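Coordinate inspection notes
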There are 4 protein chains.
Amino acid sequence: MAVEQLVRAKRRKVSRLPAERRIADIMAAAGAVFAEKGYQEALISDIAERAGVVEGSIYRFFANKRELLVRVVEDWYQALIEEEEELFASMRGTWNQLRFIIHRHLLTIRRDPALSRLVFQELRPDPGYRGSQVFELNRIYTHKLTDVVRAAIETGEFRADASPSLVRDMVYGCIEHRTWSFLRNEGDFDLDNTADGIADMIYRGLVSDRAKPPDVVERLEEVAARLERAAGSGQENG
Amino acid sequence: MAVEQLVRAKRRKVSRLPAERRIADIMAAAGAVFAEKGYQEALISDIAERAGVVEGSIYRFFANKRELLVRVVEDWYQALIEEEEELFASMRGTWNQLRFIIHRHLLTIRRDPALSRLVFQELRPDPGYRGSQVFELNRIYTHKLTDVVRAAIETGEFRADASPSLVRDMVYGCIEHRTWSFLRNEGDFDLDNTADGIADMIYRGLVSDRAKPPDVVERLEEVAARLERAAGSGQENG
Amino acid sequence: MAVEQLVRAKRRKVSRLPAERRIADIMAAAGAVFAEKGYQEALISDIAERAGVVEGSIYRFFANKRELLVRVVEDWYQALIEEEEELFASMRGTWNQLRFIIHRHLLTIRRDPALSRLVFQELRPDPGYRGSQVFELNRIYTHKLTDVVRAAIETGEFRADASPSLVRDMVYGCIEHRTWSFLRNEGDFDLDNTADGIADMIYRGLVSDRAKPPDVVERLEEVAARLERAAGSGQENG
Amino acid sequence: MAVEQLVRAKRRKVSRLPAERRIADIMAAAGAVFAEKGYQEALISDIAERAGVVEGSIYRFFANKRELLVRVVEDWYQALIEEEEELFASMRGTWNQLRFIIHRHLLTIRRDPALSRLVFQELRPDPGYRGSQVFELNRIYTHKLTDVVRAAIETGEFRADASPSLVRDMVYGCIEHRTWSFLRNEGDFDLDNTADGIADMIYRGLVSDRAKPPDVVERLEEVAARLERAAGSGQENG
DNA sequence: TATGAATGAGTGTTCATTCAT
DNA sequence: GATGAATGAACACTCATTCAT
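Residues numbered from 1 in each chain as written. Chains lettered and ligands numbered in written order. Predicted model: local features only at pLDDT ≥ 70, side-chain atom pairs only at ≥ 80, totals over all residues. Heavy atoms only, no water.

Chain A carries the name TetR/AcrR family transcriptional regulator in an unreviewed UniProt entry, which gives Neoaquamicrobium microcysteis as its organism.

Spelled out as structure tokens, the structure:
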């Protein structure tokens, strides 16, 4: 009997938490472990321990390690999108919106470098990426940018032949390249200057020619005015 | 005796090739296997078999699987750099040079998507990347682009406040983003249009304001002059 | 389906034994394999098969092959110590105790030559031996002998300048040397005579000079005294 | 041609030394490497490099790694025996000779702990040890001690029932046990005191009973003398 | 529903020895 | 005789996943 009591005492406290809570715990633990170790090095046993469950329990909610990663990233993305949505709503003006999106993306990478890396290194190269929910979320996430570009094209602020998708690749690709060193833990980057630099380049590259060099326009307006005046005097004469 | 014969029969024909040749064989085999399977899935035994050597022989020349990958990539980069060097020499004009570099890089990815992926996915995220020879080679490889930008800044063709390194990140980042779908084997990309689009965006983003649409301004000024002259004569007449 | 059946057929019958039982099975198997093949030649796969588990299961309980060896030896030592303790309790008299310890140690080697060898050849030369649990167990195991010596010194039966630790080294070293031939499987040794020979040598080497033939001298002195008294009285009379 | 010269320059300088010199070089290198790394960890390639030869050359003179070890040890033993022979010649008196042999053996271990260990750990446990030349050399080496014991038995200094071989095992076994800690690099030992202690124990354990406790004998002689005197006086009376 | 013991496939690496040159 | 490139066998260890209890 004494032995039995001992065994019972040793037994992990079985607690029946609502599934949602369990899932949240597991995902939080998984997020932390994936961030610390990367996908390959992360151990299911580590995640289980940190979540306060046994390995088997993880498989009740997630088909496998990969799905766990995917779900963690999906959650992160979802939250990201909502947050951006809210903040973006108050932005006015193409340049401001552009700069905001770039700035926020850089900020996201700075706040969650590990998760960003997991997307870049593990998820995106995967053959099943297109077709995945993460792909779809990324679409939504980056759509804001293409929307801004498209809108500016329509108002004539941007060239009619500008390619929103190319702009998207340029912005996100540039940011990624620029932050690899940071993602490798080799030191921080200058967020504001980088955001300004990118926004500036992109804006200049897209802005309509006629709108572009305002002084030329001004001069032309002057000329037009003079002509009008001349024409006006001629009319008076005619 | 039967056993002995069997053993003897199993023995691979021993051939003593010069080390260089062996190394080349192994690297060729490794390149092929890495390209087909990716780094993780590639088996040393596969590589050995394809190279016509036993596994142990690989370790005479390469410390481990990782070094083998690195050496394969290094060789590839080296050849790339030399090839570009040659072809680039005859390019004249900033825009042409820009377009050439972009076009060639896209071509490289199309010709060697697997090796490109290995760099993006395996080598670049590695904590030891900075400090590796591949990092250095990539520096050299991308230097052509920053040189072009710097030169154009000096001649005044590009804005004085343009950032060559940002341009580099923008170009290579954009290309990478644009080609991920292709790298995932989801279909080809439009090389020429992509090259044109990127070159155009970059050029417009960098060109000096005063120089910007030089012909346009000139032509407008001419038109204005003519109009003024016309107006003037009209006035004189009036 | 046929393949699936094959796979299923291959699957070992899964049985969930209590951990203690599993550990015991594995240690028993390991003990046997180590004894048969020696440490180097022993294969984990052999041990697993003999224990009726897969290799991976061994690593649930033992960090590595070395730890498995150590644990097997520890268990053996522990049992040894307990057994000796019990049997030794009834021994009276220094010589008897000495002889008992020597005899038992020889017996242990005869019963478990393979494990003895593993200690002599694998564990004791190891840089980490001191500080290991086996070292501690060996200390306890050999302490009986030094205790006997110390006790005999205190009663004056043994010389005051005798060194218990030297006696220990002499006894165990001698036994080891004497049994190497047996440990090499070159034939048995004469247990009783060896035990007697060692006990005798050690006893003679340690016993106090004055105490040596204590009764003999005393009795002779008494006799002499009586004779002297007798002679004295005779003289007085004479 | 330039390349050929380069290759030629890289080629190891081929020198034809007399075989004896080669063998000596290899054995010296092997001794050093075995001592540093132990048998298992020692690499033939290391030995070859240190000896200034290629691996293949070692196999011209030694059948395999094991033989190389054996030959190194044999040489060492041979030199040892000769040295002892010379020094021992001048020793007079059983105790002195005993003490000398013990002292010299301790000295040998202190001077060559690594080689000593190789004998204890690698060679002696080997199934082929008996029958090996090293076994024979060890016999010769330890014969000095049994000779001394035998001689002392013959002169009556030692008990007639003393066992020379047991003494041998006791002496060498004790020394070995005593020095394991040193052999494990855990600190030095007190050579002189150890030698004295062992010699003393052994001598006392072996010396004839009649010779044994000289004071007892003396006292008995005194008693006897008194008795004789008493008897003498009685006789005078009688 | 939770547990966690058991599974078992999978592979990079070492190095003594050989032998073509 | 010397070289040293090539051989190739051999094996401990990991860990995601399953499933009996």
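**A look at the overall build of chain A**
Counting secondary structure elements, chain A contains 11 helices and zero strands. Traced from its N-terminal end to its C-terminal end, chain A shows the element sequence α-α-α-α-α-α-α-α-α-α-α. Per-residue burial over chain A gives 45% buried out of 238 residues. When contacts within chain A are restricted to residue pairs at least 6 apart in sequence, long-range pairs at least 24 apart make up 68% of them. When the accessible surface of chain A is totalled, it reaches about 12800 Å², and 50% of it is carbon and sulfur. (Helix = DSSP H or I, 4+ residues; strand = E, 2+ residues; numbered from the N terminus. Buried < 20%, exposed > 50% of the residue type's maximum accessible area, 1.4 Å probe, protein only. Contact = heavy atoms within 4.5 Å. Areas by Shrake-Rupley, 256 points an atom, 1.4 Å probe, with all protein chains shown as cover.)

**Describing helix α7 (residues 113-123) of chain D**
The buried count for α7(D) comes to eight of 11 residues, which makes it a mostly enclosed element. For α7(D), the complete set of buried residues consists of L115(D), S116(D), L118(D), V119(D), F120(D), Q121(D), E122(D) and L123(D). Where α7(D) is buried, its residues touch α7 (113-123) of chain C together with α2 (19-41), α5 (65-88), α6 (94-111), α8 (133-155) and α9 (164-183) of chain D.

**Overview of the packing of helix α9 (residues 164-183) of chain C against helix α10 (residues 191-206) of chain C**
Residues and elements named next belong to chain C. Packing of α9 against α10 leaves a shortest axis separation of 11 Å and a crossing angle of 155°. With respect to α10, the element α9 is oriented roughly antiparallel. Both α9 and α10 take part in a crossing whose hand is right-handed. Contact residues: V167, M170, V171, C174, I175 and R178 in α9; T194, I198, I202 and L206 in α10. A class-by-class count of the residues in the contact of α9 with α10 yields eight nonpolar, one polar and one charged. (Axes fitted to C-alpha atoms, helices over the stretch in contact; angles between N-to-C directions. Parallel < 35°, antiparallel > 145°, perpendicular 65-115°, else oblique. Left-handed = near helix turned anticlockwise from the far one by under 90°. Nonpolar A, V, L, I, M, F, W, Y, C, P; charged D, E, K, R; others polar.)

**Observations concerning the UniProt feature "DNA-binding region" (unreviewed entry) in chain A**
Look at the UniProt record and you will see "DNA-binding region" (unreviewed entry) annotated at residues 43-62 of chain A. In this annotation, residues 43-62 of chain A is assigned 75% helix and 0% strand; the end-to-end C-alpha distance for the span is 15 Å. (UniProt positions renumbered as here; feature names shortened; annotations may be inferred.)

**What about the pattern of salt bridges?**
One pass over the structure, following the stated rule, counts 88 salt bridges over all chains. Note that D147(A) is salt-bridged to R150(A), the shortest N-O span being 4.0 Å. Here D147(A) pairs with R150(A), and both are found in helix α8 (residues 133-155), just three residues apart, close to one helical turn. What makes R150(A) partly exposed here is its relative accessible area of 37%. Among the ionic pairs, R168(D) bridges to D169(D), the shortest N-O distance being 3.3 Å. Under the relative-accessibility criterion, R168(D) is labelled partly exposed at 27%. On the basis of relative accessibility, which here comes to 4%, the residue D169(D) falls in the buried class. Several salt bridges share partner residues, and in doing so they unite E83(A), E84(A), R104(A) and R111(A) into one network. (Salt bridge = Lys/Arg side-chain N within 4 Å of Asp/Glu carboxyl O.)

**Concerning the environment of T94(B)**
Residues and elements named next belong to chain B. Tracing the backbone through its elements, the reader meets T94 in helix α6 (residues 94-111). Separated by 54 residues in the primary sequence, T94 and V148 place their C-alpha atoms 6.6 Å from one another. Leaving out residues up to four positions away in the same chain, T94 has contacts with V148, A152, E157, F158 and Y203. Side-chain polar atoms of T94 contact the side chain of E157, separated by 2.7 Å. (Polar contact = N/O pair within 3.5 Å; in protein donor to acceptor, adjacent residues only side chain to side chain.)

**Some remarks on the packing of aromatic side chains**
All names here are of chain A. This model, assessed by the stated rule, comprises 36 aromatic pairs over all chains. An angle of 80° between the planes, with centres 5.8 Å apart, marks the rings of Y77 and Y141 as edge-to-face. Taken together, the residues Y77 in helix α5 (residues 65-88) and Y141 in helix α8 connect sequence positions 64 residues apart. Considering the side-chain rings of Y141 and Y172, the 6.1 Å spacing of their centres and the 50° angle between planes classify their relative orientation as tilted. One end of the pair, Y141, is in helix α8; the other, Y172, is in helix α9 (residues 164-183), and 31 residues separate them in sequence. Three or more aromatic residues joined by ring pairs make a cluster, and in this case those are W76, Y77, Y141 and Y172. Taking NZ or CZ as reference, R66 lies 5.2 Å from the ring centre of Y39, over its face. (Phe/Tyr/Trp six-rings, centres within 6.5 Å; stacked < 30°, edge-to-face > 60°. Lys NZ or Arg CZ within 6 Å of the ring centre and 35° of its normal.)

**Here's the deal with α2(D)**
Every α-helical turn comprises 3.6 residues, leaving residues that sit three or four positions apart pointing alike. Residue and element names in this part refer to chain D. For α2, which comprises 23 residues, the first-to-last C-alpha distance of 27 Å sits more than 12% below the rise-based estimate of 33 Å (1.5 Å per residue). For α2, the principal kink sits at A35 and spans about 85°. At its buried positions, α2 is contacted by α3 (44-51), α4 (55-61), α5 and α7. (Expected span 1.5 Å × (residues − 1). Bend = angle between axes of the 7 residues up to and from the residue.)

**Description of the confidence of the model for chain A**
Residues and elements named next belong to chain A. Scored by pLDDT, chain A comes out at a mean of 85, with 81% of its residues at no less than 70. Taken element by element, chain A is modelled with least confidence in helix α1 (residues 2-10), mean pLDDT 39, and with most confidence in α9, mean pLDDT 97. Contacts from residues 1-13, a stretch scored under 50 in pLDDT, to residues over four places away or in other chains number three contacts. Below a pLDDT of 50 lies the segment residues 234-238, which in the model reaches one contact outside its immediate sequence neighbourhood of four places, other chains included. (pLDDT = per-residue confidence, 0-100.)

**Quick look at the environment of A151(D)**
All names here are of chain D. Residue position: A151 is located in helix α8. We classify A151 as partly exposed; its relative accessible area is 39%. Considered as a pair, A151 and T94 are 57 residues apart in the sequence and their alpha carbons are 8.5 Å apart.

**Things to note about the side chain of T146(C)**
All names here are of chain C. Mapped onto the elements of the fold, T146 is located in helix α8 (residues 133-155). Judged by relative accessible area, which is 5%, T146 ranks as buried. Excluding its chain neighbours within four sequence positions, the residues that come into contact with T146 are P164, S165 and R168.

**Concerning the state of the cysteines**
Taken as a whole and judged by the stated rule, the model has zero disulfides over all chains. C174(D) supplies the cysteine sulfur nearest to C174(C), a cysteine that is in no disulfide, at a spacing of 9.3 Å. For C174(D), a relative accessible area of 0% corresponds to the buried category. (Disulfide = S-S within 2.5 Å.)

**Brief notes about unusual backbone geometry**
Residue and element names in this part refer to chain B. A positive phi angle, near 70°, is found at N185, a position not held by glycine. Mapped onto the elements, N185 comes out in the loop between α9 (164-183) and α10 (191-206). By relative accessible area, N185 is classed as exposed at 73%.

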